[in-house]
Amino acid sequence: MAEHLRHGARVGDVAAVRELRAAADEMKETAPSAAADLMLRAMELSGSGPAPSLPPSPGIRPASAQAADARAAYAPDTQLPDRPHTCPADTQATGTPDTRPADTQAVGASDARPADGQAAGVTEAGSAGMQAAGVTEAGLVAEVVRLLASAGRLAEARRLADAPRAPLSAGEEAGIALGLAEALKHAGDDRGVIQRTGRVLGRAGVPVRERARLLAVRAHALMMTGEVDAADVAAARAVAEGEVFAQVVGLQARSTVAIFRGDLSDALRHAEQSVRLADAAGGEAAHRHPRLWLGAALVALDRFEEAEGVYAVVERDSGRLGTAWSLPLLHRFRAELFLAWGRLDDAAAEAEAGLRVAGQLSAMALVPALHGVLGHVALLRDEPETARRHLDRGRESAGDGPGLVAEELRWRRRLLEKPVTGPVAEGVPLTGVVPAGAMLTYLLVQEPWMAARWRADPRVIACVRDLAQRNPGVVSLAAGAAHADGRLDDAIELYRAGPRPLGLAAALEEAGRREEVLEIYRACGAVRGAARRRPARGWGALTASELRVARLVAQGMTNREVAAELFLSPHTVDSHLRHAFAKLNVNSRVELTRQVLVHEPGDAGS
């Protein structure tokens, strides 16, 4: 880009503003921070406020590094010549308050205002320039707020959105609020989304397009704070407005609401409709990746192989469209699929990969749930210290307020203090152990066998029976209901017909069939007690998933080829390789291949 666009151009230079906006548009998906800097310069040249009023935040890395991180997020190194792919942001992956970038942390009302003399205002020359360029001040501000948000520069986005300026029309305020709502959602501030969207939606004269989109993003925030009914109302209103983007996003929210209500056929119907609309419309609607929610509905319905195929399409589309924002969410959904499938090593690898990518993109909203997956895996492996560490990190990221993820983390953390290792006898109080409401429904959809452990509580029995009755085609729910009713033979037969081996293991354990239980736990990577212990280092320390990856790497496959062979993401393959390298104390793929040749000489070249 010509140097004068950055330094030599003057206020009112229409050509410079257009070029800067075009350049920012080209790089916004892969380098949002650099694109935001270009748009800030465009704002300055348009006369809508001096760029120096928004200095780069201290927690933000250089734009070139941001761009490299974003590209790596959806196109990781497939060759891995030395060590597995590493990320400078790995140390931020936990999302704890003292490791998050400074500008992604919440600011109070007093922090959200620029200093005196820095208020945004349009100069006379700038006004003429913006008219010639076909933009408004509010339109530029909305664009920049969205870019700052996607770059994780939340405090800057808030300062810009809240900067004093001439009174805005309802439409202009709605445009800025929509950008900021997306920023807050990206950072996990669902309460902030509800507050901001509510304030604008209370104004008269908000255009249909902006109103519909604000309702859609508000629905997701309400869902995550546990206000399930209010979320469904907002999502239904967004869909009814008839604006395609809002319909796609609103139907995603309605699909999630339906899962928490146990209406699994409705969850599938809403997700499928969202996919149809996005595929037909293309553009920004397709960029919302509604197949992520379709996959979640398929998992709830025990259709795991279909869900795996759907997530593979999302991964391909994310790389094609450059929508790196979707990757942490994809890792989360995939991790939950593998967890339900009993593939604990793959679930942990997906969650670890998701934390790395979330750290790169400052997508802190996903950090609590990803730590929750790792904590859940550790609980299943009977690793209480590891579980405690991940659950506590997730709780620190989620905060102590209301919210479905925070509630699940608190509940799993309580299980460490009050473990429920087998069916609870009648009359044993379960206060503080069994969740309630939508969370109970959701957890029984994910783990129907937990109903048998909580059968002393009549709410649980009623809930699992109701779920099985309303979803007759879901064999795992039928198995869970039979298990809770004490019909073990029926439960075991039903679990065998389904895809959730951990449920089968729970029923077999209650029936006293320990040998088969141990075999299932071994296959899942969840064998407990002395039987599950393996050495910390050396060939015997590798898990089944790590062995599969190592063997394929020894055949000369790249990470992406291994991922395609094993139906994993490249980031998950990378996670497995990280662990294998550490356990074998090797530093390159060549050294790893030598280890395979030594221990399995007949497999490396096959």
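Calculation rules
- Residues numbered from 1 in each chain as written.
- Predicted model: local features only at pLDDT ≥ 70, side-chain atom pairs only at ≥ 80, totals over all residues.
- Heavy atoms only, no water.
- Helix = DSSP H or I, 4+ residues; strand = E, 2+ residues; numbered from the N terminus.
- Buried < 20%, exposed > 50% of the residue type's maximum accessible area, 1.4 Å probe, protein only.
- Contact = heavy atoms within 4.5 Å.
- Areas by Shrake-Rupley, 256 points an atom, 1.4 Å probe, with all protein chains shown as cover.
- 1 Å grid on protein atoms, 1.4 Å probe; cavity = no way out; pocket = protein on both sides within 12 Å on 5 of 7 lines; lining within 4 Å.
- Points joined across faces, edges and corners; volume = space filled by probe spheres on them.
- Core = buried A, V, L, I, M, F, W, Y, C linked by side-chain atoms within 4.5 Å.
- Salt bridge = Lys/Arg side-chain N within 4 Å of Asp/Glu carboxyl O.
- Axes fitted to C-alpha atoms, helices over the stretch in contact; angles between N-to-C directions.
- Parallel < 35°, antiparallel > 145°, perpendicular 65-115°, else oblique.
- Left-handed = near helix turned anticlockwise from the far one by under 90°.
- Nonpolar A, V, L, I, M, F, W, Y, C, P; charged D, E, K, R; others polar.
- Phe/Tyr/Trp six-rings, centres within 6.5 Å; stacked < 30°, edge-to-face > 60°.
- Arc of directions from axis to C-beta.
- pLDDT = per-residue confidence, 0-100.
- Expected span 1.5 Å × (residues − 1).

### Notes on the overall build of the protein chain
Line of reasoning, step 1. Broken down by element type, the protein chain carries 32 helices and 0 strands.
Line of reasoning, step 2. In the protein chain, which comprises 606 residues, the share counted as buried stands at 58%.
Line of reasoning, step 3. Intrachain contacts of the protein chain at a sequence separation of at least 6 include 66% that bridge at least 24 residues.
Line of reasoning, step 4. Surface accessibility of the protein chain: about 23900 Å² in total, with carbon and sulfur atoms responsible for 51%.

### Some words on empty space enclosed by the protein
Line of reasoning, step 1. The tally for this structure, following the rule as stated, stands at 5 cavities of 30 Å³ or more.
Line of reasoning, step 2. A volume near 290 Å³ is recorded for the largest cavity.
Line of reasoning, step 3. Here the lining of the largest cavity takes 5 residues from helix 19 (residues 367–380), the largest share from any one element.

### So, the nonpolar core
Line of reasoning, step 1. With 168 residues, the main nonpolar core has Tyr311 and Leu444 as its most contacted residues.
Line of reasoning, step 2. Non-local contacts of Leu444, meaning those with residues more than four positions away in its chain, are made with Met450, Ala451, Trp454, Val460, Cys463, Val464, Leu467 and Leu477.

### Details of the pattern of salt bridges
Line of reasoning, step 1. A full pass over the atoms with the stated rule returns 43 salt bridges.
Line of reasoning, step 2. In this structure, Arg261 engages Asp232 in a salt bridge whose closest nitrogen and oxygen atoms are separated by 2.8 Å. Here Arg261, found in helix 12 (residues 244–261), pairs with Asp232, found in helix 11 (residues 228–240); they are 29 residues apart in sequence, far enough to count as distant.
Line of reasoning, step 3. Across the pair Asp457 and Arg459 runs a salt bridge, and its minimum N-O distance is 2.7 Å.
Line of reasoning, step 4. Classification of Asp457 as buried rests on a relative accessible area of 10%.
Line of reasoning, step 5. The exposure class of Arg459 is partly exposed, given its relative accessible area of 40%.
Line of reasoning, step 6. Here the salt bridges share partners, and the residues they tie into one network are Asp229, Asp232, Arg254 and Arg261.

### Section: the environment of Ala267
Line of reasoning, step 1. Looking at the secondary structure, you find Ala267 in helix 13 (residues 264–281).
Line of reasoning, step 2. Accessibility expressed as a relative area gives 1% for Ala267, which makes it buried.
Line of reasoning, step 3. Between the C-alpha atoms of Ala267 and Leu298, which are 31 residues apart in sequence, the distance is 8.8 Å.

### Section: the environment of Leu355
Line of reasoning, step 1. Position of Leu355 relative to the elements: it lies in helix 18 (residues 344–361).
Line of reasoning, step 2. With relative accessibility at 6%, the residue Leu355 sits in the buried group.
Line of reasoning, step 3. Remark: the alpha-carbon pair of Leu355 and Leu370, spanning 15 residues in sequence, is separated by 6.6 Å.

### Thoughts on the packing of helix 19 against helix 21 (residues 404–417)
Line of reasoning, step 1. In the contact formed by helix 19 and helix 21, the axes pass within 10 Å of each other and the chain directions differ by 25 degrees. As judged from the angle between their axes, helix 19 and helix 21 are roughly parallel. The hand of the helix 19/helix 21 crossing is left-handed. Contacts between helix 19 and helix 21 pair Pro368, Ala369, Gly372, His376 and Leu379 from the former with Val405, Leu409, Arg412 and Leu416 from the latter.
Line of reasoning, step 2. Partitioning the contact of helix 19 with helix 21 into residue classes produces 6 nonpolar, 2 polar and 1 charged.

### Here we look at the packing of aromatic side chains
Line of reasoning, step 1. This structure, assessed with the given rule, holds 5 aromatic pairs.
Line of reasoning, step 2. Arranged with centres 5.5 Å apart and planes meeting at 80 degrees, the rings of Trp411 and Trp454 form a pair that is edge-to-face. Remark: Trp454 occurs in the loop between helix 23 (450–453) and helix 24 (458–470) and Trp411 occurs in helix 21; sequence separation between them is 43 residues. In this structure, Trp411 and Trp454 share a single accessibility class: buried.
Line of reasoning, step 3. Through a chain of ring-to-ring contacts, the aromatic side chains of Trp293, Tyr311 and Phe333 assemble into a single cluster.

### As for helix 32 (residues 589–599)
Line of reasoning, step 1. Turning to helix 32, its buried residues number three or more, namely Arg589, Leu592, Thr593 and Val596. Along helix 32, the residues classed as buried sweep out an arc of 100 degrees about the axis, all on the same side. In helix 32, the exposed positions that point more than 90 degrees away from the buried face belong to Arg594 and Val598.
Line of reasoning, step 2. Those residues of helix 32 hidden inside the fold are in contact with helix 29 (544–554), helix 30 (559–566) and helix 31 (570–584).

### Digging into the packing of helix 29 against helix 31
Line of reasoning, step 1. Where helix 29 meets helix 31, the axes come as close as 9 Å, and the angle between the chain directions of the two elements is 95 degrees. With respect to helix 31, the axis of helix 29 lies roughly perpendicular. Contact residues: Ser545, Glu546, Val549 and Val553 in helix 29; Val573, His576, Leu577, His579 and Lys583 in helix 31.
Line of reasoning, step 2. Among the residues making up the contact of helix 29 with helix 31, the classes are represented as 4 nonpolar, 3 polar and 2 charged.

### Considerations on the confidence of the model for the protein chain
Line of reasoning, step 1. Overall, the prediction assigns the protein chain a mean pLDDT of 79, with 78% of residues at 70 or greater.
Line of reasoning, step 2. Per-element mean pLDDT across the protein chain ranges from 41 in helix 4 (residues 63–74) up to 98 in helix 15 (residues 291–300).
Line of reasoning, step 3. Scored below 50 in pLDDT, residues 424–430 makes 13 contacts in the model with residues more than four places away or belonging to other chains.

### Side note on unusual backbone geometry
Line of reasoning, step 1. The phi angle at His289 is positive, at roughly 50 degrees, despite the residue not being glycine.
Line of reasoning, step 2. By the secondary structure assignment, His289 is in the loop between helix 14 (283–286) and helix 15.

### What about helix 10 (residues 208–224)?
Line of reasoning, step 1. Over its 17 residues, helix 10 extends 25 Å from the first C-alpha to the last, a length consistent with the 24 Å expected when each residue adds 1.5 Å.
Line of reasoning, step 2. Burial analysis of helix 10 places 14 of its 17 residues in the buried class, which makes it a mostly covered element.
Line of reasoning, step 3. Once helix 10 ends, the next one or two residues include Gly226, with phi positive near 90 degrees.

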